[in-house]
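# Breakdown of the fold
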Amino acid sequence: MALLFGPPGVGKGTQADIITQKYSFIKCSTGDMLRDEIAKKTESGAKVEQYLKQGVLVPDDHIFTIIEDFLKKNKNRDLLFDGFPRNYNQATVFGNLLHALDLKLQVAIEMHLSKDTIVMRLAHRRYCTKCGRIYNLKTNPPVHNDICDKCHLPLEQRTDDNEEVIRKRLKVYETETRPLVDYYRSKGIYHQVDAQGTQTEVLERIARIIDDHIAEK
Ligand code: AP5
Ligand code: MG
């Protein structure tokens, strides 16, 4: 079991998608799950939307409900978490949950990238609302302008990918999530990966860690 964390736009979702294919992991992206919830237009989805729009964290209790459900459904699979946990409380409760289910987190990988590159990547990000595939108009464009290669639907920009909210998300990362570096370092499972370079180059760096620390592939 592995997790990827790092600031917005660092490439967590992109790498999580490639890794889940390469290693037959099951991906758990709390961001994607929350966006799915919003798309269902339920009362709870409308509440969740307000947090994402502002670039702040959704309350922990809501996240724990999602995670508990996911863990129970996928107990015997190799799991990869993208963007969870996001703060110290989530990390410690997650640790207790895993312990209770006799599961073990083997690696916590922090992806690192300069702020300028992050802002550039987010400004040009587009995604497909149907399949969730992530594109970049500069670095990973679709074959046809603004159309998903797979679903042939128009690509969209995330509502939290505007300058003001990006700034807020970066701040939230620094104050709430970055402390997890020390938390996972103290557990002896922390790794940092340089997220600069092509998707393949970044994948190779992450794959080396997974190959070294997760026996079953
Ligand atoms: P979430 O969806 O997790 O967003 P995030 O952490 O801000 O990260 P992003 O998804 O924006 O970036 P990414 O690192 O996945 O980058 P990507 O691969 O897309 O969370 C959104 C919100 O949900 C949060 O703000 C919060 O409100 C809430 N939330 C989620 N989880 C929560 C939790 N556990 N607790 C509480 N609240 C929670 O790549 C970015 C761009 O770069 C793309 O265009 C891509 O094509 C491009 N790219 C990727 N790799 C490369 C490369 N190597 N070279 C060039 N371009 C690249
Ligand atoms: Mg993502």
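Refer to the structure presented above.
Now for a quick tour of the structure. As the structure is a prediction and not an experimental result, all values here were calculated from the model. (Residues numbered from 1 in each chain as written. Chains lettered and ligands numbered in written order. Predicted model: local features only at pLDDT ≥ 70, side-chain atom pairs only at ≥ 80, totals over all residues. Heavy atoms only, no water.)

## Quick look at the environment of R178
- Tracing the chain through its elements places R178 in the loop between α7 (163–177) and α8 (180–186).
- Taking the relative accessible area as the measure of exposure, R178 reaches 28% and is therefore partly exposed.
- For the pair formed by R178 and D32, sequence separation is 146 residues and the distance between their alpha carbons is 21 Å.
- Excluding anything up to four places from it in sequence, R178 contacts E110 and Y173. (Helix = DSSP H or I, 4+ residues; strand = E, 2+ residues; numbered from the N terminus. Buried < 20%, exposed > 50% of the residue type's maximum accessible area, 1.4 Å probe, protein only. Contact = heavy atoms within 4.5 Å.)

## Brief notes about the packing of helix α4 (residues 60–73) against helix α5 (residues 88–100)
- Where α4 contacts α5, the axes come no closer than 11 Å and their chain directions differ by 30 degrees. Judged on the interaxial angle alone, α5 and α4 are roughly parallel. Considering only the axes of α4 and α5, their crossing is right-handed. Residue-level contacts link D60, I63, F64, I67, E68 and L71 of α4 to N89, Q90, V93, F94, L97 and L98 of α5.
- Here the residues of the contact of α4 with α5 sort into eight nonpolar, two polar and two charged. (Axes fitted to C-alpha atoms, helices over the stretch in contact; angles between N-to-C directions. Parallel < 35°, antiparallel > 145°, perpendicular 65-115°, else oblique. Left-handed = near helix turned anticlockwise from the far one by under 90°. Nonpolar A, V, L, I, M, F, W, Y, C, P; charged D, E, K, R; others polar.)

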